[in-house]
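Listed below are the residues making up each chain.
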Amino acid sequence: MTGTRDGKDLTLRGGCTLALVSFIWGLNFVVIHLGLGHFPPLLFSALRFLFCALPWIFIVPKPKISLRSLISLGIVLGILVFAGLFVGMHEGVPAGIASLTMQAQVFFTVLLGKFFLSEKPGPVQILSVVIGMFAIFAMIVIQGTVGTYDGIVLVLGGALSWGVANIMMKKLPRVNMLGLMVWISLIPPVPLFLMSIAVDGWPTVAASLRAFDASGFMAVAYTGLLSTIFAYGMWGSMLQRFPTTSVAPFALLVPVFGLLTAYLFLGEHYTAVQLCASAVIIGALAANIWHKKIEKAILNKKLPKNIIDTETAGHVK
């Protein structure tokens, strides 16, 4: 694994690649919606991770982490995150709203980092978390009037689990992200398959597997191969080649593409209040990414006045 080349500016080709990855992740929520028409949510998630793991574990080297860490991440990131997302969308959360709600993982990561990693978020980060979580809470209330509270709370639970997984990954030694995703994908399929049988019943699971057609295969292949293997691999490559500050902002495009593609392909419509809440959440995410620059700009703006005040006080003395 090569080191991050912080001094290298993001190229046009790199920017286009990151935009493509963001589009793939945004469209992923539309594909999940369509896939849920073919499979029960837990079975769909199990198949997705099966496609992530096989045959790639025979090609991609195992990351140098403990078996305990591998299993723990597989449970949290593989089972809890995506079971929450898939079941929540199955319960009625629209694809566009789900793509936005899952971004709460950023705010959860900041909060969890403060308590479990002794990280000290800056004032702009704290404010962005408060504003972002308030907007998501408003989204939950709004969504409850047109869908299901249970569904969006499940998606939010998936976002919380994603935040926990982020903290777990921060404690790991530096590893290749693609290899990590491939190997932790070995953990979820069997538990999710058994959970699907317990929740949905064997007749439903068996009927879904017998009806496995081309469109169902495309949904599983997209979420497993394109959205995970390809997209995570490209994202990790960009993080290695360019500064994090140049790469991270492209994540803001994911909910934008999610809302847009859900509107274009699924005909989802959003109220003015939902769109305003979405804009606030995306703005809070942007503030969290650029918090250091914002805080520096505010400090520089105040600095001349502070200097003048200090000099004035010295003359008075």
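Predicted, not measured: the structure shown is a model, and the values here were computed from it. (Residues numbered from 1 in each chain as written. Predicted model: local features only at pLDDT ≥ 70, side-chain atom pairs only at ≥ 80, totals over all residues. Heavy atoms only, no water.)

## Quick notes on the environment of Leu253
Here's step 1: Checked against the element boundaries, Leu253 lands in helix α13 (residues 253-266).
Here's step 2: Spatially, the C-alpha atom of Leu253 lies 9.8 Å from that of Leu20, the residues being 233 residues apart in sequence.
Here's step 3: Non-local contacts of Leu253, meaning those with residues more than four positions away in its chain, are made with Ala19 and Ser22. (Helix = DSSP H or I, 4+ residues; strand = E, 2+ residues; numbered from the N terminus. Contact = heavy atoms within 4.5 Å.)

## Points about the nonpolar core
Here's step 1: Of all hydrophobic cores here, the largest spans 89 residues; its most connected members are Phe29, Phe44, Leu85, Met89, Leu180 and Ile281.
Here's step 2: For this core, the element with the highest residue contribution is helix α3 (residues 67-90), accounting for 12 residues.
Here's step 3: Not counting residues up to four positions away in its chain, the partners in contact with Phe44 are Val31, Ile32, Gly35, Leu36, Phe39, Phe86, Ala219, Val220 and Thr223. (Core = buried A, V, L, I, M, F, W, Y, C linked by side-chain atoms within 4.5 Å. Buried < 20%, exposed > 50% of the residue type's maximum accessible area, 1.4 Å probe, protein only.)

## Considerations on the packing of aromatic side chains
Any aromatic ring pair is given by two values, namely how distant the centres are and how the planes are angled relative to each other.
Here's step 1: For the structure on display, the rule yields 10 aromatic pairs.
Here's step 2: The interplanar angle of 50 degrees and the centroid separation of 5.0 Å between the aromatic rings of Phe44 and Phe86 together place this pair among those described as tilted. In this pair, Phe44 is assigned in helix α2 (residues 41-53) and Phe86 in helix α3, connecting sequence segments 42 residues apart.
Here's step 3: Positioned over the ring face of Phe49 is Arg48, at 4.9 Å from the centre of the ring.
Here's step 4: Note that Arg48 overlies the ring of Phe82, its terminal NZ or CZ placed 4.1 Å from the centroid. (Phe/Tyr/Trp six-rings, centres within 6.5 Å; stacked < 30°, edge-to-face > 60°. Lys NZ or Arg CZ within 6 Å of the ring centre and 35° of its normal.)

## Quick notes on the layout of surface pockets
Here's step 1: Approximately 1900 Å³ is the volume attributed to the largest pocket.
Here's step 2: If you go around the largest pocket, you meet 48 residues; those closest to its centre are Asn166, Trp235, Leu239, Thr244 and Ala248.
Here's step 3: The dominant element in the lining of the largest pocket, judged by the number of residues it contributes, is helix α11 (residues 214-241), at six residues.
Here's step 4: Class assignment for the residues of the lining of the largest pocket results in 27 nonpolar, 14 polar and seven charged. (1 Å grid on protein atoms, 1.4 Å probe; cavity = no way out; pocket = protein on both sides within 12 Å on 5 of 7 lines; lining within 4 Å. Points joined across faces, edges and corners; volume = space filled by probe spheres on them. Nonpolar A, V, L, I, M, F, W, Y, C, P; charged D, E, K, R; others polar.)

## Let's talk about unusual backbone geometry
Here's step 1: Across the junction of Leu54 and Pro55, the peptide omega takes the value 0 degrees, indicating a cis bond.
Here's step 2: With respect to the helices and strands, the residue Pro55 is situated in the loop between α2 and α3.

## Details of the packing of α3 against helix α7 (residues 149-170)
Here's step 1: Relative orientation of the contacting elements α3 and α7 amounts to 160 degrees, with a least axis distance of 7 Å. It follows from the interaxial angle that α3 and α7 lie roughly antiparallel. Where α3 crosses over α7, the handedness of that crossing is left-handed. Packed against α3, whose contacting residues are Ser72, Leu73, Val76, Leu77, Leu80, Val81, Gly84, Leu85, Val87, Gly88 and Met89, the element α7 presents Gly151, Leu154, Val155, Gly158, Ser161, Trp162, Val164, Ala165, Met168 and Met169 at the interface.
Here's step 2: Here the residues of the contact of α3 with α7 sort into 15 nonpolar, six polar and no charged. (Axes fitted to C-alpha atoms, helices over the stretch in contact; angles between N-to-C directions. Parallel < 35°, antiparallel > 145°, perpendicular 65-115°, else oblique. Left-handed = near helix turned anticlockwise from the far one by under 90°.)

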